[in-house]
Amino acid sequence: MKMKKIFILGGLLMSGALVSGCSDFLEVKKYGASTVWETQGDIDKAIAALYSFTTNDSEGVTGRGIMWFECCSDNLTVGRPQSEAEDIRNFRMAPSNGRDVKNNWKIMYEVNAKANNIIKMVPTMNLDEAYKRKATGIAYFFRGFAMLWIAPYYGDNGPNGGIPIILDTTEPADMDLPRPASVLQNYDQIISDMRGALRSGEAGERLPYFSELAPEEYGLPHKAAAWAFAARAALYAAQFDAKYYDTVIEMCDKVMALSGADKRDLFDDGTNNTFANLWRKEQNFGCEYIFSLLGNASDGPKFHGMSFQNGGWGLYNHWGYFQPTLSLWEAFEEGDIRRDATILYPGQTIKFMGREILFGSSTYGISSDTGMTFRKFLSPWEEADCVGKDVNPNGDNASNTLGMCLMRYADVLLMYAEAINEYAGAPDDQAKDAIREIRKRAGVKTDESLLGDYRSFRDLVRNERGRELAFEGLRKWDLIRWGTFVEKMHNAGTNQPTENKYRNVSYTNYASANYANVTARHIYLPIPTKELAVNHALRQNPLW
């Protein structure tokens, strides 16, 4: 049973007409209290409301917001002046500030509440049974997704504990909950929700396979997405309890075993530009796709426009917030095609707004403090006629037609390789092949001696995650769960360039002075002050 046309091919249709007039779906009272959900169209609107955090109005979540979780890491930093951003870059964040990060807690709990309403109400409605299963599967997926968005950054298995778990069975009087004793309870709930998104016991399947979605439904969750996000939650839990590696392997196995129209694979067009070509709208739903947030030239996530050259030389209003570091540039091996597809550095020529741009020339100078900028997500801005077709005419919004990738097959391969090595104490043949595949596409040979034992394979996987998944919102948390964040940040700060052809010495000196501020306090974020004010059962993370 198809959902009604909430989606258009290549972008999420989140127009004012879709969201306005349905405040009943956005308000959270007692779960199940709504009396206005009567038709399938009502539920279609409720499902659309799960995506409200992807609109132009959600700059603090899918614009700058998501990357403040990543920033700063040894791969990425704030690349322009702005007072509150400076506090983040200098590791002076406080519970009362935090730039857009503070919005994510509130908005993800709103997504959680919207999902709970669907889970509570839809099974009781007089609608087609297959439709009801699919709708509740989507809701279970988004409840787990919303928790995974924020739980890692606030909770631990120690003094912090987890973050509140609010389910469809939670009574209104109990919503101001204290924190669970451990974030493992959050990860268990996320994994349970992703499993719940797939099946409803004897009633049958909930989420479909991707191949079973109609084109107008692309962007909805599907089985491979639920498996992959369950694997990510288990991987994060495994830092505290190694038994979760078994769940990572189980879930990755399911994705890797897909066949036929659902088979996932690394995109490879056989050219030296294959990694760059992965980041084009034509691959939004290609063989590597698992889950993305979608937009178009009118509305949608605007993260891709938050970076690149600040002001875009007057051609387009990019904001220049997040920029690559010298440590990332140096992490790529010689001949690795991912470097030049990921980072733009002086002397490179790119196509931007129909012009050939020599980056760092007298005509096209550099605004980034690091002397480099993002290239990975720039494809929507290449052509002279892109405005109104591929990118939003309003540079303050910067939505575009390239999907905001949150999960792809390369990550599944890397999660599997890491989990096997940690679980068994050595890589198996499939884990070795996963790393070979990723490096082969990157154009670099694999030293087979690095595949032979636990420690060398572990280091190789960790380095590959940094190179392959750069700017995809994962690096900082990877460093934290490996226990290397503080050390890596100190090293990034003291990493002095030997030349200034591709790098900014003054910024590196700046980083050297300020990254020394990083301590164990900065591993987890402070709970926003305004959330403590509305839930008096919450307590702040002890180091804050």
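Remember, it's a predicted structure, so these values are computed and weren't measured experimentally.

The subject of this paragraph is the side chain of Glu 531. As for its position among the elements, Glu 531 is in helix H21 (residues 529-534). No salt bridge forms around the buried Glu 531; measuring N to O, its nearest opposite-charge neighbour Lys 530 is 5.0 Å away.

This next bit is on helix H11 (residues 245-256). Residues spaced three or four apart along an α-helix face the same direction, because each turn holds 3.6 residues. Taking 1.5 Å of rise per residue, 12 residues should cover 16 Å, and H11 covers 16 Å from first to last C-alpha, within 8% of that figure. All of the buried residues in H11 are Tyr 245, Thr 247, Val 248, Ile 249, Met 251, Cys 252, Val 255 and Met 256. Taken together, the buried residues of H11 touch helix H9 (184-198), helix H10 (223-237), strand E4 (289-293), helix H15 (409-424) and helix H16 (429-442).

Turning our attention to the state of the cysteines. Simply put, the disulfide is a covalent bond whose two ends are the sulfur atoms of two cysteines. Applying the stated criterion across every chain, the model contains zero disulfides. Its sulfur unpaired, Cys 71 is 3.5 Å from the next cysteine sulfur, which belongs to Cys 72.

Moving on: a negative patch on the surface. On the surface, Asp 265, Asp 268, Asp 269 and Glu 437 cluster together into a negatively charged patch. Mapping Asp 269 onto the fold places it in the loop between H11 and helix H12 (274-278).

Turning next to the environment of Asp 390. Here Asp 390 lies in the loop between strand E9 (373-374) and strand E10 (404-408). Classification of Asp 390 as buried rests on a relative accessible area of 9%. When the C-alpha positions of Asp 390 and Gly 295 are compared, they lie 9.5 Å apart, and in sequence the two are 95 residues distant. Within polar-contact distance, the side chain of Asp 390 engages the side chain of Thr 401 at 3.0 Å.

All right, on to the nonpolar core then. If you look at the biggest cluster of nonpolar residues, it comprises 155 residues, and the most contacted ones within it are Phe 141 and Trp 149. Sort the elements by how many residues they give to this core and helix H8 (residues 129-154) lands first, with 16 residues. In this structure, Phe 141 is in contact with Asp 193, Met 194, Ala 197, Leu 207, Pro 221, Ala 225, Ala 226, Phe 229 and Phe 291, ignoring residues within four places of it in sequence. Counting 15 residues, the second-largest nonpolar core is a separate cluster that includes Ile 357, Trp 381, Val 391 and Ala 398.

Scoring rules and cut-offs
- Residues numbered from 1 in each chain as written.
- Predicted model: local features only at pLDDT ≥ 70, side-chain atom pairs only at ≥ 80, totals over all residues.
- Heavy atoms only, no water.
- Helix = DSSP H or I, 4+ residues; strand = E, 2+ residues; numbered from the N terminus.
- Buried < 20%, exposed > 50% of the residue type's maximum accessible area, 1.4 Å probe, protein only.
- Lys, Arg positive; Asp, Glu negative; His and termini not counted.
- Salt bridge = Lys/Arg side-chain N within 4 Å of Asp/Glu carboxyl O.
- Expected span 1.5 Å × (residues − 1).
- Contact = heavy atoms within 4.5 Å.
- Disulfide = S-S within 2.5 Å.
- Patch = residues over 30% accessible without salt bridge, like charges linked within 9 Å, V, L, I, M, F, W, Y side chains within 5 Å.
- Areas by Shrake-Rupley, 256 points an atom, 1.4 Å probe, with all protein chains shown as cover.
- Charge placed at Lys NZ, Arg CZ, Asp CG, Glu CD.
- Polar contact = N/O pair within 3.5 Å; in protein donor to acceptor, adjacent residues only side chain to side chain.
- Core = buried A, V, L, I, M, F, W, Y, C linked by side-chain atoms within 4.5 Å.

Keep in mind these values describe shape, not function.
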